[in-house]
Amino acid sequence: MSVDLTDEQYEKHREAGEILAQVREEAADRVEVGVEHLEVAAFAEDRIRELGGEPAFPVNISIDEEAAHATPEPGDDATFGEEMINLDIGVHVDGWLADTAVTVDLSGTPELAEAPAEALDAALDIIEPGVETGEIGAEIEDVIDGYGYNPVVNLTGHGLGHWEQHTEPNIPNRAVQQGIELEVGDVVAIEPFVTDGGGKVSEGSDEEIYALEQEASVRNRQAREALEQIVEEFKTLPFARRWLDTSRAKMALRRLEQQNVVHGYPVLKEQDGFLVSQKEHTIIVTEDGCEVTTRNR
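Undergrad: Account for helix H1 (residues 8-29), naming residues and giving values.
TA: Relative to the 32 Å expected for 22 residues at 1.5 Å per residue, H1 spans 32 Å between its end C-alpha atoms, a close match to the ideal helical length. Here H1 has its buried residues at Tyr10, Lys12, His13, Ala16, Gly17, Ile19, Leu20, Ala21, Val23, Arg24, Ala27 and Ala28. Of the surrounding elements, those touching the buried residues of H1 are helix H2 (37-50), strand E3 (84-93), strand E4 (96-105), strand E8 (187-190), strand E14 (281-286) and strand E15 (289-292).

Structural data, given as structure tokens:
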């Protein structure tokens with residue numbers, strides 16, 4: 001989605017990015033061996049609200065082979081160990097979004113954590129009006145290859161819309177023949193994923209993140225209460241089961257899924273025994289390059 005760089009939408013994207021840059025650094029500083037995942041997720045989500053934004057999706061905390069869609073369940077007491085940890089965090093201001101991610105390496109594999117950050121920098125260096133998404137992917141892949149690792153080829157960067165977390169265009173993490181040209185005002189998240197595994201993720205069985213598919217009449221009381229909160233608070237953005245106020249939230253979500261009212265996001269994983277790292281910024285394409293809204297100012 002494109003925004004007018006003279007419009008209020010642009011300022012709200014920038015405000016979301018500024019909040020997110022601060023929260024990303026503060027949350028990453030709290031990741032240490034023995035600290036609970038839920039403590040870090042709740043801190044980041046509460047801090048976003050303190051600074052004037054709202055979480056655009058639940059804080060993702062992906063460990064080792066996990067790449068995306070992992071977030072603590074209600075009452076989760078899991079703690080960080082000597083692991084590869086990815087924090088993926090989003091903010092919206094009145095539905096205008098920013099999205100960022102960072103790897104905190106406690107596993108003793110620093111080059112795997114460095115690779116996506118360098119790949120992202122290389123991608124940002126070439127962004128300007130007219131650049132094709134395939135060219136961006138080629139820059140990302142070239143850096144990752146230089147480290148001797150693989151890009152995760154079935155995960156991509158993406159556009160950001162109003163109340164829409166993933167829109168066109170997709171930004172690949174490898175070279176592709178056909179791409180879309182970026183234009184002034186395009187708002188996109190670029191997020192290289194790097195692995196020492198084969199480079200493809202698949203769906204696991206765990207599911208703690210959901211999003212509204214459609215509104216419908218629901219008979220069950222708990223499911224109806226959950227749907228009312230979802231429509232009012234989250235609209236079409238992803239939310240966590242632990243965010244729901246209704247009792248028996250797990251059962252309510254199961255009923256809503258059965259009626260195709262909500263859909264879940266299974267955790268995405270590499271094969272066991274391998275690691276995944278990630279770095280992400282949100283950018284707005286400008287006349288002479290791009291503005292990185294989620295970079296510390």
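Undergrad: Which residues make up the environment of Gly264, and what values do they have?
TA: Along the chain, the position of Gly264 falls in strand E12 (residues 262-269). Gly264 sits in the buried class, given a relative accessible area of 17%. Each C-alpha atom of the pair Gly264 and Trp243 lies 14 Å from the other, and the pair is 21 residues apart in sequence. Beyond its immediate chain neighbours, meaning those up to four positions away, Gly264 contacts Glu207, Ile209, Tyr210 and Glu257.

Undergrad: Explain the pattern of salt bridges to me, and be specific about the residues and the numbers.
TA: Per the counting criterion, the structure on display carries 13 salt bridges. A salt bridge links Arg49 to Asp46; the shortest N-O distance between them is 3.2 Å. On the criterion of helical spacing, the pair formed by Arg49 and Asp46 is a turn pair, its members being three residues apart in helix H2. Its relative accessible area of 42% is what places Asp46 among the partly exposed residues. Ionic contacts of the salt-bridge type, sharing partners, join the residues Glu8, Lys12 and Asp94 into one network.

Undergrad: Please give an account of the pairing of strand E10 (residues 202-212) that cites residues and values.
TA: Where E10 lies against E12, seven bridges are found, and the strand directions are antiparallel. Bridging across to E12, Tyr210 finds its partner in Gly264. Direction of pairing for E10 relative to strand E11 (residues 239-240): antiparallel, over a ladder of two bridges. Its bridge partner being in E11, Ile209 is matched across the sheet by Ala240.

Undergrad: I'd love a proper account of the side chain of Thr71, names of residues and values included.
TA: Mapped onto the secondary structure, Thr71 falls in the loop between strand E2 (66-68) and E3. A polar contact of 2.9 Å, which involves the side chain of Thr71, links it to the side chain of Arg242. Those residues in contact with Thr71, other than ones at most four positions away along the chain, are Pro58, Val59, Glu208, Ile209, Ala240 and Arg242.

Undergrad: Break down the packing of aromatic side chains for me, with residues and values.
TA: By the definition in use, this model includes three aromatic pairs. Considering the side-chain rings of Phe234 and Phe239, the 5.2 Å spacing of their centres and the 15 degrees angle between planes classify their relative orientation as stacked. Of the two residues, Phe234 and Phe239, both sit in the buried class. Geometry around Phe43 places Arg30 over its ring, the cationic atom sitting 3.7 Å from the centre. For Lys235, the ring lying beneath its charged end belongs to Trp163, and the centroid distance is 4.7 Å.

Rules and cut-offs
- Residues numbered from 1 in each chain as written.
- Predicted model: local features only at pLDDT ≥ 70, side-chain atom pairs only at ≥ 80, totals over all residues.
- Heavy atoms only, no water.
- Helix = DSSP H or I, 4+ residues; strand = E, 2+ residues; numbered from the N terminus.
- Expected span 1.5 Å × (residues − 1).
- Buried < 20%, exposed > 50% of the residue type's maximum accessible area, 1.4 Å probe, protein only.
- Contact = heavy atoms within 4.5 Å.
- Salt bridge = Lys/Arg side-chain N within 4 Å of Asp/Glu carboxyl O.
- Pairing = 2+ DSSP bridges.
- Polar contact = N/O pair within 3.5 Å; in protein donor to acceptor, adjacent residues only side chain to side chain.
- Phe/Tyr/Trp six-rings, centres within 6.5 Å; stacked < 30°, edge-to-face > 60°.
- Lys NZ or Arg CZ within 6 Å of the ring centre and 35° of its normal.

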